[in-house]
Amino acid sequence: MTQYMLSVYNIDGDPTPTPEVLEASGRDIDALNAEMVTAGAWVFAGGLHDRSTASVVRVKDGAVVTTDGPFAEAKEHIGGFWVIKADDLDAALAWARKATVACISPVEVRPFQDDPDA
C-alpha cells in the first residue's frame, strides 16, 4: 500500500466557525479517525498550532539561520494532516472526501515517494 498525506488547509479571511460548529467538527474528526483505524488506513494524524508559532530553519550564505513565522506569506496554510495507507489514489481521495466534510476545510492529497529499500 502507498502512504498518502492528507493536508488540511486553513484559509486566512474565512469566517471563524462558531464554537458549536467547531465542537461538531471535532466529533466528526474523531469518528473519521476511528473509521480509518478500523479500516487499517490510519498511520498518523495531528493538528497544528497557529502558523504564528512556526519557525523556519534554512541555510543562508553558508550559515544556518532560524527565523520566526511561517516559511511563506500565504493566504492558505496547513492546519493539520493525516498520513494514511491506501491501495491507490482513488482510495486516498475517498478518505479525503470524508476528511474535508469532517474538518470543514480543504484537503490536499499527495502520495509519499516510494521507498527504494522497501
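Residues numbered from 1 in each chain as written. Predicted model: local features only at pLDDT ≥ 70, side-chain atom pairs only at ≥ 80, totals over all residues. Heavy atoms only, no water.

Caption draft 1: Inspection of helix α1 (residues 19-39) at higher detail. Here α1 contains 21 residues, and its C-alpha end-to-end distance of 30 Å stays within 8% of the 30 Å for a straight helix at 1.5 Å per residue. Taken together, the buried positions of α1 are Ser25, Leu32, Asn33 and Met36. One face of α1 carries all of its buried residues, which in axial projection span an arc of 105 degrees. Exposed side chains of α1 directed beyond 90 degrees from the buried face belong to Pro19, Glu20, Glu23, Asp30, Val37 and Thr38. Buried residues along α1 sit in contact with β1 (2-11), β2 (42-47), β5 (76-86) and α2 (89-103). Gly40, located one to two residues past α1, shows a positive phi value of around 80 degrees. (Helix = DSSP H or I, 4+ residues; strand = E, 2+ residues; numbered from the N terminus. Expected span 1.5 Å × (residues − 1). Buried < 20%, exposed > 50% of the residue type's maximum accessible area, 1.4 Å probe, protein only. Arc of directions from axis to C-beta. Contact = heavy atoms within 4.5 Å.)

Caption draft 2: A look at the sheet that holds β2. Read from one edge to the other, the open sheet built from four strands follows the order β2-β5-β1-β6, with strand pairing classed as antiparallel. Each edge of the open sheet carries a strand with a single partner, namely β2 and β6 (107-111). Here the strands of the sheet are splayed against their neighbours by 20 degrees on average, with no regard to which way each runs. Pairing between β1 and β5: 10 bridges, direction antiparallel. Paired with Tyr4 across the two strands is Ile84, which belongs to β5. (Pairing = 2+ DSSP bridges. Axes fitted to C-alpha atoms, helices over the stretch in contact; angles between N-to-C directions.)

Caption draft 3: Up close: α2. The terminal C-alpha atoms of α2, which comprises 15 residues, lie 20 Å apart, in line with the 21 Å expected from a rise of 1.5 Å per residue. Where α2 terminates, the next one or two residues include Ile104, which has phi positive at roughly 50 degrees.

Caption draft 4: Molecular detail of the nonpolar core. In this structure, Leu6, Trp82 and Ile84 are the most contacted members of the largest nonpolar core, which totals 17 residues. Of all the secondary structure elements, the ones that give two or more residues to this core are β1, α1, β5, α2 and β6. Considering every element that reaches this core, the biggest residue donor is α2, with six residues. Excluding anything up to four places from it in sequence, Ile84 contacts Thr2, Gln3, Tyr4, Leu6, Met36, Ala41, Val43, Ala92 and Trp95. (Core = buried A, V, L, I, M, F, W, Y, C linked by side-chain atoms within 4.5 Å.)

Caption draft 5: Representation of the environment of Val83 in the model. One can find Val83 in strand β5. Linking Val83 and Phe112, residues 29 residues apart in sequence, is a C-alpha distance of 9.3 Å. Sequence-distant contacts of Val83, that is, excluding residues within four places in its chain, are made with Gln3, Tyr4, Ala41, Trp42, Val43, Phe44 and Phe112.

Caption draft 6: Up close: a nonpolar patch on the surface. A contiguous nonpolar patch, built from Val37, Trp42, Val43 and Phe44 and spanning about 340 Å² of accessible area, is present on the exposed surface. Counting residues per element, the nonpolar patch draws most heavily on β2, at three residues. Take Val43: it is sitting in strand β2. (Patch = residues over 30% accessible without salt bridge, like charges linked within 9 Å, V, L, I, M, F, W, Y side chains within 5 Å. Areas by Shrake-Rupley, 256 points an atom, 1.4 Å probe, with all protein chains shown as cover. Salt bridge = Lys/Arg side-chain N within 4 Å of Asp/Glu carboxyl O.)

Caption draft 7: Structural detail: unusual backbone geometry. Notably, Asp61 is not glycine yet its phi reads approximately 55 degrees, a positive angle. Along the chain, Asp61 falls in the loop between β3 (55-60) and β4 (63-68). Judged by its relative accessible area of 79%, Asp61 is exposed. Of note in this structure, Ile104 is not a glycine but carries a positive phi near 50 degrees. For Ile104, the position within the fold is in the loop between α2 and β6. Relative accessible area serves as the criterion here: at 46%, Ile104 is assigned to the partly exposed category.

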